[in-house]
Every structure is written in C-alpha cells, then in structure tokens.
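Here is what each chain is made of, one letter per residue.
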Amino acid sequence: MNKRPIILGIETSCDETAVSIIQDNESGIPKILSNIVSSQFDIHKEFGGVVPELAARSHVEKINLIAKKALDESGITLDKVSAVAVTSGPGLIICLSVGLNFAKSLASSLKVPFIGVNHLEGHALSPRLQTNINYPYLLLLISGGHSQFLSVNGLGSYTRLGTTIDDALGEAFDKTAKLLGIEFPGGPKLEKFAEKGDPNKFKLPKPIINKGGCNLSFAGLKTAILRIMKNINSEQAKYDLAASFQKTIEEILYFKSKIAFKEFSKNKVLEEKNFIVAGGVAANNGIRKKLIQVSNENNFKSIFPDFELCGDNAAMIALVGLEKFKQNKFNNLDLSASPRLPLDSSAKFLKGPGIKL
Ligand code: KG4
Ligand code: ZN
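Being a predicted model, the structure only gives us computed values, none of them experimental.

A. How the structure looks around the overall build of the protein chain. Along the backbone of the protein chain there are 11 helices and 10 strands. Here the protein chain has a C-alpha radius of gyration of 20 Å; the compact-globule value for 357 residues is 21 Å, and the two agree. Dimensions of the protein chain, computed from the C-alpha atoms along their principal axes, are close to 65 × 50 × 35 Å. When the 357 residues of the protein chain are sorted by exposure, 54% land in the buried category. Contacts in the protein chain between residues at least 24 apart in sequence constitute 73% of all its contacts with a sequence separation of at least 6. Summing over all exposed atoms, the protein chain offers an accessible surface of approximately 16000 Å²; the carbon and sulfur share of this is 51%. Placing the 44 positive and 35 negative side-chain charges of the protein chain at their respective mean positions leaves the two points 5 Å apart.

B. Representation of the side chain of Asn313. With respect to the helices and strands, the residue Asn313 is situated in the loop between α10 (307-310) and α11 (315-326). For Asn313, a relative accessible area of 0% translates into the label buried. Reaching out from Asn313, the side chain makes a polar contact with the backbone oxygen of Gly311 at a distance of 2.9 Å. There is a polar contact of 2.9 Å between the side chain of Asn313 and the backbone nitrogen of Met316.

C. The coordination of the zinc ion (ligand 2), seen in detail. The coordination sphere of the zinc ion (ligand 2), as far as protein atoms go, consists of His119 (NE2), His123 (NE2) and Asp312 (OD), spread over 2.0 to 2.1 Å. Counting the intervening residues between successive donors of the zinc ion (ligand 2) yields the motif H-x3-H-x188-D. Separated by 193 residues along the polypeptide, His119 in helix α4 (residues 119-125) and Asp312 in the loop between α10 and α11 bring together distant segments of the chain. On the basis of relative accessible area, His119 is assigned to the buried category, the value being 7%.

D. Representation of the site of ligand 1 in the model. Of all residues adjacent to ligand 1, which total 17 residues, the nearest are Gly144, Asp174, Gly280, Asn284 and Asp312. Here a nitrogen atom of ligand 1 sits 3.1 Å away from a polar atom, N or O, in the side chain of Asn284. Here an oxygen atom of ligand 1 and a backbone polar atom of Asp312 are 3.0 Å apart. Burial of ligand 1 by the protein amounts to 84% of the accessible area it has alone, namely 550 Å². Elements represented by at least two residues in the shell around ligand 1 include exactly α4, α5 (169-179) and α6 (187-194). Here the shell around ligand 1 is built from residues that sort into four nonpolar, 11 polar and two charged. Split by domain, the residues of the shell around ligand 1 number at least three in each of domain 1 (6-127 + 309-326) and domain 2 (135-304).

E. Structural view of the packing of aromatic side chains. Throughout the structure, instances matching the rule amount to eight aromatic pairs. On the numbers, 6.5 Å between centres and 85° between planes, the contact of Phe41 with Phe184 is edge-to-face. Taken together, the positions of Phe41 in helix α1 (residues 41-45) and Phe184 in the loop between α5 and α6 put the pair 143 residues apart, joining distant regions of the chain. With a centroid separation of 5.8 Å and 15° between ring planes, the pair formed by Tyr135 and Tyr137 is classed as stacked. Overall, Tyr135 belongs to the partly exposed group, its relative accessible area being 27%. A relative accessible area of 0% places Tyr137 in the buried class. Taken together through their ring pairs, the aromatic side chains of Phe261, Phe264, Phe275 and Phe300 make up a single cluster. The side chain of Arg288 reaches across the aromatic face of Phe307, ending 4.1 Å from its centre. Against the face of Tyr254 rests Lys290, its NZ or CZ located 5.1 Å from the ring centre.

F. Molecular detail of the sheet that holds strand β8 (residues 157-163). Ordered in space as β8-β7-β6-β9-β10, the five strands form an open sheet in which the pairing is mixed. Where the open sheet ends on each side, the last strands, each with one partner, are β8 and β10 (301-303). Averaged over all pairs of adjacent strands, the angle between their axes in this sheet comes to 25°, without regard to strand direction. Inspection of the sheet shows strand β6 (residues 137-142) paired to strand β7 (residues 147-154) by six bridges, in the antiparallel sense. In the strand pairing of β7, Ile142 is matched with Ser147. Those strands touched by helix α8 (residues 235-265) are β6, β7, β8 and β9 (274-278), and its axis lies near 150° from that of β6.

G. Here's a closer look at the domain arrangement of the protein chain. Each domain of the protein chain was delimited in the assignment, giving domain 1 (6-127 + 309-326) and domain 2 (135-304). Each of domain 1 and domain 2 has a C-alpha centre, and these two points are 27 Å apart. Across the boundary between the two partners, domain 1 contributes 21 residues, which contact 21 residues of domain 2. Three residues stand out in domain 1 for area buried against domain 2, namely Leu120, Ala124 and Cys310, and they jointly supply 31% of the buried area on that side. Across the contact surface, domain 1 and domain 2 share zero salt bridges. The interface formed by domain 1 and domain 2 contains five residue pairs in polar contact (both at pLDDT 80 or more). Secondary structure elements with two or more residues in the side of domain 1 that touches domain 2: α1, α4 and α11. If you tally residues by element for the side of domain 1 that touches domain 2, the top one is α4, at five residues. Here the residues of the side of domain 1 that touches domain 2 sort into 10 nonpolar, six polar and five charged.

Rules behind the numbers
Residues numbered from 1 in each chain as written. Chains lettered and ligands numbered in written order. Predicted model: local features only at pLDDT ≥ 70, side-chain atom pairs only at ≥ 80, totals over all residues. Heavy atoms only, no water. Helix = DSSP H or I, 4+ residues; strand = E, 2+ residues; numbered from the N terminus. Rg over C-alpha atoms; globule rule 2.2 N^0.38 Å. Buried < 20%, exposed > 50% of the residue type's maximum accessible area, 1.4 Å probe, protein only. Contact = heavy atoms within 4.5 Å. Areas by Shrake-Rupley, 256 points an atom, 1.4 Å probe, with all protein chains shown as cover. Lys, Arg positive; Asp, Glu negative; His and termini not counted. Charge placed at Lys NZ, Arg CZ, Asp CG, Glu CD. Polar contact = N/O pair within 3.5 Å; in protein donor to acceptor, adjacent residues only side chain to side chain. Donors = N, O, S within 2.8 Å, 3.2 Å for Na, K, Ca; no water. Near = heavy atom within 4 Å. Nonpolar A, V, L, I, M, F, W, Y, C, P; charged D, E, K, R; others polar. Domains from an automatic or database assignment. Phe/Tyr/Trp six-rings, centres within 6.5 Å; stacked < 30°, edge-to-face > 60°. Lys NZ or Arg CZ within 6 Å of the ring centre and 35° of its normal. Pairing = 2+ DSSP bridges. Axes fitted to C-alpha atoms, helices over the stretch in contact; angles between N-to-C directions. Buried area = accessible area lost by both parts, 1.4 Å probe. Salt bridge = Lys/Arg side-chain N within 4 Å of Asp/Glu carboxyl O.

As structure tokens, then:
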C-alpha cells in the first residue's frame, strides 16, 4: 500500500478524452503527476457541434493511448495506483460508457477500488487542486451544459441556490458564436472577437434579471442576436454585437452573484466567505474581472481554477476520487452511466415552458 494514495482519473463525458494521475499530499493539496487532455475539435468542426457517435468512437480509439501517456508522464507504474476514478455522469451516455468500461476493467485487473464521479462535482471541487478551501463555499458553475449557483457544504453535499431555466452559459456563448460566424468551438473565441467591438452599441435583454432570485436565463439573448444579425452586414457590426453580448453576460452575472451572496450568507456565520467560479466559461477573462469586482464589493473572496483546470479534465475527477477514497466511498462494478446527475437531487427541475419562478 502506498503511504499517500495515488488515484488514476478518467473523463470521457463529452468531447475530451482525459486521464490524470494525482497523489495525496500532506499539505491537503494533491500533487498532479500528470493531466492529459485530448480534445476532438477537429472531428466535430465540420458539423458545428459535438456529434455523440463520433465522440464515442474517438474515445474508444484514444483512451488506451491517453492512459499510457498519463502513466508515462507521471513516472509511476500501474501497480502503484490505489484506485481508479471515472466520470459516471452527467454527459453523453455513449461517451460516458467508454470511460466507465475502461475504468472498470482497469480497476478489476489491478484489484483496486472503483469510484464513480459526478462530473459536476469535479468542477465544483476543482480549485481544491490548487488551494485549501474550507466548506461551505459558494460556487458558480458555468459550463457548456450547466449554469448554477450552489452552496458546497462538503463532499457529496450541495444546496442549489439558482440554476438556468433554459440555456447553459457555455451553450449561449457557443450558439452566439455560431450566429456570428465564428468557427467551432466558438465560445472560447468569442471574447477575443469581441475585443474589436463597441460593447455599448447594442442593447440586449437581461432575462429574469428582476425576478427568480439568482436563477438565470440566457435563451432570450440568442433570439435577440438572431434578430439583430438579420439587419447587419458589416464585420464591424458583428464585433460590436459580440462585445455587447460579452458585456451583457458580465452584467447579468454581476447582478445575480450579488443575490447569490445574500442567499448563501443567510443564517450562516462564516469567518471567510469564498466564491468559487468553475467550469469552462470560468476561463473568460471579462467574466473573471467582473466577478472579482462583485466579490470585492461584497466581502467575498473569489477563487478561479487555473485556465487549464477550468475546462473538462481528469485531474478534477481524480480529485473527487481521492476525497471519496479517503472516506471509503467506492462503487460496485455494475455502476451505469447517468446522462442526468444533479448535484442537489432535492432541487426542483426548473426547465421548460410554464416554469413559475
Ligand atoms: O466545462 P466545460 O469544458 O465542459 C462542460 O462540462 O460543458 O465547458 C465548455 C464550455 C463550452 O460551452 C465553451 O464554449 C465554454 O465552456 N467556454 C467559454 C470560454 N472557454 C470555454 N465560454 C466563454 N469564454 C471562454 N473563454
Ligand atoms: Zn465540464
């Protein structure tokens, strides 16, 4: 048995094949021995979005190689691995199944524990790969599939304070980028594109800004962009529209974070109030700046994962695996993939027409 557990983490929930090896550390911040992420942008580019069958096929083709690369880079041998952790949901079911099957075979051949991990919990805990943060903390999770404010009370313990009632923020970025003619994956490129524009040129809607607490809504922006696009033809107008979109998102998040701060702080006496922003969209510089500002104004300390840990990766999956390993929270090999896997299972489903906020 290793003195300090070593966890091999696997992530295949969408279009990234990722394997990471981390080791527990006395500082409380695990050491990332390797963190390999292989993206499939080139495969999906011509379709303008992720095609599940192609994504799954690519995971099958690459997972062995990526695992080998992660092992080589970590400098450890398989017999030193204490447990195998893998994303079991949420995500594309055929993609999740590739990682799950690989992890099950590996864990059973090594005779080590097998641990299923909620992808969202990976994002939620990801800053703990870099810094010690005490529970509870406020989390804004902004990714391609989710946008939520949550109170992170501890491992496996979450209270949802707000969620998007339609599109996720990453999805809003991706769809807007597509409408503006930015090549897939457009979300991460939009901000750079917007730098050439005037953010005050177009007034875009801020859906449910004055109702629904810290719930969020972004679908109205996409509709507005679509409408405006029909009436513009210059490249400069597109830059202006991108800049206006970026600014509107920053303002929505600024406003809704203030509400989330209040809700999170209710009935709590905390020595320090931490605000973690995680998920792919947390890589957006303008959003980071605005959220640092609102945190400073409200006595919250804002913490963002490093850029390479914002997007999907397996180090965050290994991290949750490590925390579960320490608490002997293992899974049986019959664990199946879950396309939906909320962090707060008691929270109301808030999507679709007729939602009452
Ligand atoms: O967390 P993530 O890698 O995957 C999911 O779990 O969904 O997030 C991916 C999302 C995509 O929608 C992508 O467009 C968005 O994050 N994203 C960004 C930026 N970088 C990634 N959105 C805005 N600005 C960025 N810099
Ligand atoms: Zn993700």
